[in-house]
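Overview (structure and organization)
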Amino acid sequence: MTNEPTLTLLTGATGTLGRTLRPRLQDAGHDVRAASRSPPAEGGAPNPEWIELDLVDGTGLRSAVEDADVVVHAATAPRGDSEAVDVRGTERLLEAAAAAGVDNFLYVSIVGVDEIPYSYYEHKLAAERAVEGSAVPSTIVRATQFHPFVHDLLDAVSRLPVWPLPTEFRLQPIDVREAADAIVDHATADPSGRVPPVGGPEVRTVGELARTYRDAEGLRRPIVRFPIPGSVAGGFRSGAALCPERTVGTVTWEEWVTAGEAESVRSR
Ligand SMILES: NC(=O)c1ccc[n+]([C@@H]2O[C@H](COP(=O)([O-])OP(=O)(O)OC[C@H]3O[C@@H](n4cnc5c(N)ncnc54)[C@H](OP(=O)(O)O)[C@@H]3O)[C@@H](O)[C@H]2O)c1
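Being a predicted model, the structure only gives us computed values, none of them experimental.

The next subject is the pattern of salt bridges. It is possible for side chains of opposite charge to pair when their charged atoms get near one another. Under the defined criterion, the tally for this structure stands at 12 salt bridges. A salt bridge links Glu-202 to Arg-204; the nearest nitrogen and oxygen atoms lie 3.2 Å apart. A residue is classified by how much of its surface remains accessible, and Glu-202, at 26% relative accessible area, is partly exposed. Residue class for Arg-204 comes out partly exposed when judged on its relative accessible area of 31%. Through salt bridges with shared partners, a single ionic network connects Asp-114, Glu-128, Glu-132, Arg-142 and Arg-194.

What follows is the structure, encoded as structure tokens:
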């Protein structure tokens with residue numbers, strides 16, 4: 001047996017999760033090849049461990065997977081063309097990973113993608129299926145919403161005199177550092193298939209999350225229920241985005257906002 005470090009391609013390396021995963025993978029002994037379309041903001045110095053990869057047009061694909069033992073696939077386009085990036089891009093990456101003989105393709109997904117018919121979630125589900133149907137050995141980890149996602153949702157209404165929100169939606173936000181720790185545990189050369197999901201410590205309604213955020217920000221805006229009809233909203237209300245039996249994270253939303261972590265999101 002050799003003791004060579006694991007060479008790991010990390011896609012989405014500049015994203016919320018990718019930026020958090022990268023140092024953790026390195027601490028766990030991985031040689032990390034970080035990939036995204038634009039280089040990470042690291043003081044302008046060229047980064048020899050970063051590679052340009054565009055999952056839509058295939059730029060950099062072959063060099064990204066070359067000699068990689070593990071792929072941690074965290075690239076996504078929730079606000080862009082998720083069919084092109086998350087579905088077709090994942091298929092393209094899987095094909096390249098299969099040709100390169102990757103040992104474990106770890107795909108990061110979201111709790112509830114199989115139950116909530118939101119188009120981004122449908123694309124995540126299609127990507128999960130592509131991963132499972134591929135010749136590459138794989139691991140799929142689903143997580144609940146990261147704190148910065150909830151922050152962005154509330155920040156979007158924060159300047160309005162009244163905050164119209166789907167107050168009955170239920171979420172289980174998780175600290176992205178704790179989600180990353182759990183994901184790194186599965187980024188070994190041994191694929192594990194579908195593993196138990198990773199959720200935050202508490203289930204809270206959007207109304208409760210908004211009140212905590214408003215109080216932490218010292219604001220006084222009224223929060224009003226914005227009724228959203230349909231099955232997507234029904235899924236978020238009924239708890240399809242939750243995994244209360246898997247409270248892996250310990251940092252609550254209240255702890256996160258009161259610790260000033262929202263500031264770090266604002267300044268990124
Ligand atoms: N955010 C959440 O609350 C949450 C919760 C559970 C699971 N997840 C999952 O966790 C993973 C990471 O999410 P995130 O929130 O960290 O995403 P994010 O912050 O939106 O980052 C997306 C990353 O993908 C890259 N990317 C976008 N388009 C690309 C393309 N065409 N080719 C190559 N790279 C591309 C982006 O870099 P460039 O733009 O420079 O290419 C960026 O590095 C995703 O699979 C997501 O579904 C997220």
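Following the structure, the description resumes.
What follows deals with the packing of helix 3 (residues 82-100) against helix 4 (residues 119-133). Across the interface, helix 3 lies against helix 4 with an axial gap of 9 Å and an inter-helix angle of 10 degrees. By the angle class used here, helix 3 and helix 4 are roughly parallel. Residue-level contacts link Ser-82, Glu-83, Asp-86, Val-87, Thr-90, Glu-91 and Leu-94 of helix 3 to Tyr-120, His-123, Lys-124, Ala-126, Ala-127, Ala-130 and Val-131 of helix 4.

Glancing now at the side chain of Gln-172. Mapped onto the elements of the fold, Gln-172 is located in the loop between strand 8 (170-171) and helix 6 (176-186). A residue is classified by how much of its surface remains accessible, and Gln-172, at 0% relative accessible area, is buried. Look past the residues within four positions of Gln-172 in its chain and what remains in contact with it is Thr-144, Gln-145, Gly-199, Gly-200, Glu-202, Val-203, Leu-242, Cys-243, Pro-244, Arg-246 and Thr-247.

With respect to the element layout, Cys-243 can be found in the loop between helix 8 (231-238) and helix 9 (253-258). Remark: the alpha-carbon pair of Cys-243 and Leu-93, spanning 150 residues in sequence, is separated by 29 Å. Once you skip the residues sitting within four places of it in the chain, Cys-243 turns out to touch Val-111, Thr-144, Gln-172, Pro-197, Val-198 and Gly-199.

Let us now look at the site of the ligand. Contacts to the ligand come from 27 residues, most closely from Thr-14, Leu-17, Arg-37, Tyr-120 and Lys-124. Note that an oxygen atom of the ligand is positioned 3.2 Å from one of the backbone N or O atoms of Thr-76. A distance of 2.8 Å separates an oxygen atom of the ligand from a polar atom in the backbone of Phe-146. Contact with the protein chains covers 89% of the free accessible surface of the ligand, which is 890 Å². When contributions to the shell around the ligand are tallied by element, the ones reaching two or more residues are helix 1 (16-27), strand 5 (104-110) and helix 4. Here the shell around the ligand gets 3 residues from one element, more than from any other, and that element is strand 5.

For helix 3, which comprises 19 residues, the first-to-last C-alpha distance of 25 Å matches the rise-based estimate of 27 Å (1.5 Å per residue) to within 8%. Residues Ser-82, Ala-84, Val-85, Asp-86, Val-87, Gly-89, Thr-90, Leu-93, Leu-94, Ala-96 and Ala-97 constitute the buried set of helix 3. As for helix 3, its buried residues are in contact with strand 1 (6-11), helix 2 (61-65), strand 4 (70-73), strand 5 and helix 4. Trailing helix 3 by a residue or two, Gly-101 shows a phi angle of about 75 degrees, which is positive.

Turning our attention to unusual backbone geometry. Phi is positive for Asp-67, which is not a glycine, with a value near 65 degrees. By the element assignment, Asp-67 lies in the loop between helix 2 and strand 4.

This part takes up the packing of helix 5 (residues 147-155) against helix 7 (residues 206-216). One way to put it is that helix 5 packs onto helix 7 with a least axis distance of 11 Å and a crossing angle of 80 degrees. As summarised for this structure, helix 5 and helix 7 are arranged roughly perpendicular, according to the angle between their axes. Along its contact with helix 5, which presents Val-150, His-151, Leu-154 and Asp-155, the element helix 7 presents Leu-209, Ala-210 and Tyr-213. Of the residues contributing to the contact of helix 5 with helix 7, the split by class is 5 nonpolar, 1 polar and 1 charged.

Reading the values: the criteria
- Residue numbering note: each chain is counted from 1, following its sequence as written.
- In view of the model being predicted, local features appear only for residues whose pLDDT reaches at least 70, and side-chain atom pairs are presented and counted only at 80 or more, with totals across whole chains, interfaces and linings using the full set of residues.
- Excluded from the side-chain calculation are hydrogens and water; included are all heavy atoms of the structure.
- Should a side-chain nitrogen of Lys or Arg be within 4 Å of a carboxyl oxygen of Asp or Glu, the pair is scored as a salt bridge.
- The cut-offs for exposure are 20% and 50% of the maximum accessible area for each residue type, with area from a 1.4 Å probe on protein chains only; residues under the lower value are buried, those over the upper are exposed, and the others partly exposed.
- Helix axes use the C-alpha atoms of the stretch in contact, all axes being lines fitted to C-alpha atoms, and the angles between their N-to-C directions lie in the range 0 to 180 degrees.
- In DSSP terms, a helix is any run of H or I states spanning at least four residues, a strand is any run of E spanning at least two, and both are numbered starting from the N terminus.
- In this scheme, roughly parallel covers angles under 35 degrees and roughly antiparallel covers those over 145, while 65 to 115 is roughly perpendicular and the rest are oblique.
- The contact definition used throughout considers only heavy atoms, calling two residues in contact when any of these lie within 4.5 Å.
- Proximity is defined per residue: any heavy atom of the residue falling within 4 Å of a molecule or strand makes that residue near it.
- Side-chain atoms alone can form a polar contact between residues adjacent in sequence; in general such a contact is a pair of N or O atoms within 3.5 Å, and within protein one must be able to donate a hydrogen while the other accepts it.
- Only the protein chains shown count as cover for residues, and the accessible areas themselves come from Shrake-Rupley with a 1.4 Å probe.
- To estimate the expected span of a helix, subtract one from its residue number and multiply by 1.5 Å.
- Polar here means any residue outside two lists: the nonpolar Ala, Val, Leu, Ile, Met, Phe, Trp, Tyr, Cys and Pro, and the charged Asp, Glu, Lys and Arg; Gly therefore counts as polar.

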